[in-house]
Amino acid sequence: MKNKILLVEDSPVVLKVLRYLVSQNDLFIPVLAKCYAEALECLKEHSDDFFAAVVDLNLPDAENGEIVDLVLDRQIPCIVLTGNFDDDLRLRLLNKGVVDYITKDSRYSFNHVMKVLDRLEKNKRIKVLVAEDSSTSRLFIKILLQQYQFQVVEAEDGQEALAILEQDSAIRMLITDYNMPLINGYDLVRMLRHNERFKDLVIIGLSAEGDSSLSAKFIKSGANDFLKKPFYHEEFHCRVNHNIEAQEMLQTI
């Protein structure tokens, strides 16, 4: 069954390009809207069926990005494709929960939209374990992962994470904090890398403390990547997706 992608764009040329690109993917079917009112009708008619939406911010009947709230209120992953680059606006939209903010400045912009849609579709089948003793931090990471459609499993410490990994062979990525009770993130990575079963598990370390040597320590012990907290939404998504894509390329080879 194909996934419906809502395309909201007032430029006939841009809408035509998006429709063509989405139609080329066997997994997607485009649904077109030239304004806010048309998008609203589409959502009323097919709300439960949409996999994602690609929207322009400045529509003839909604010039201030109201389309984003309309889409997000229905729990539909939203990609913003706009001609206006504004750092403050971009940050506000990312904080609202949009998947990505892409400017129409080159042909690559449209290819990037398709890459994000393809990634969202693949991520539906990828399970990620988040090991973090802070409930606030764990929830934040969970929300970021779910924006990109990952399945998320949670652990409060390294010992619980190890038990979950032993039981669930479907988990493909571990995101672990350094400072945790019972077994810290660094020791968890070392234990996992000494077990042949977890040689293909993608591991990203996190920490809000320590100097720059901690990242090297994590990676030398077997982690694929490391992020210093607090991190930016886009940096997190880029690192996670890059590491998953690297694993997929290795499996293909």
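Everything numeric in this text was worked out from a predicted model, so none of it was measured.

Trainee: Please clarify how the sheet that holds strand β6 (residues 127–131) should be interpreted in this entry.
Mentor: Hydrogen bonds between backbone groups are what pair the strands of a sheet, and the pairing can be parallel or antiparallel. Reading across the sheet, the 5 strands line up as β7-β6-β8-β9-β10 and stay open at both edges, with parallel pairing between neighbours. Edge positions in the sheet fall to β7 (151–155) and β10 (225–228), since each of these pairs with one other strand and no more. On average, each strand axis in the sheet is inclined to that of its neighbour by 20°, with strand direction left out of account. Sheet topology note: the strand β8 (residues 171–177)/strand β9 (residues 202–207) ladder contains 5 bridges and is parallel. Looking at the pairing, Met173 lines up with Val202 of β9. Packed on one face of the sheet, helix α8 (residues 185–193) meets β8 and β9 and runs near 150° to β8.

Trainee: In this structure, what is going on with the environment of Ala223? I would like to understand it.
Mentor: Secondary-structure assignment places Ala223 in the loop between α9 (213–220) and β10. Ala223 gets classed as buried once you look at its relative accessible area, which sits at 6%. Remark: the alpha-carbon pair of Ala223 and Leu81, spanning 142 residues in sequence, is separated by 34 Å. Those residues within four positions of Ala223 in sequence are excluded, and the remaining contacts are Val189, Ile203 and Phe218.

Trainee: Teacher, can you tell me more about the pairing of strand β3 (residues 50–55) here?
Mentor: Within a regular strand, side chains alternate between the sheet's two faces. For β3, a buried count of 6 out of 6 residues is recorded, marking the element as mostly surrounded by other parts of the structure. With 5 bridges joining them, strand β1 (residues 3–8) and β3 adopt parallel strand pairing. Within β3, the position partnered with Lys4 by the bridge is Phe50. Summarising the sheet, β3 and strand β4 (residues 78–82) pair through 3 bridges and their orientation is parallel. Paired with Val55 across the bridge in β4 is Val80. In this fold, the crossover linking β3 to β4 by way of helix α3 (residues 66–72) has right-handed handedness.

Basis of the calculations
Residues numbered from 1 in each chain as written. Predicted model: local features only at pLDDT ≥ 70, side-chain atom pairs only at ≥ 80, totals over all residues. Heavy atoms only, no water. Pairing = 2+ DSSP bridges. Helix = DSSP H or I, 4+ residues; strand = E, 2+ residues; numbered from the N terminus. Axes fitted to C-alpha atoms, helices over the stretch in contact; angles between N-to-C directions. Contact = heavy atoms within 4.5 Å. Buried < 20%, exposed > 50% of the residue type's maximum accessible area, 1.4 Å probe, protein only. Right-handed = clockwise from strand over helix to strand, strands pointing away.

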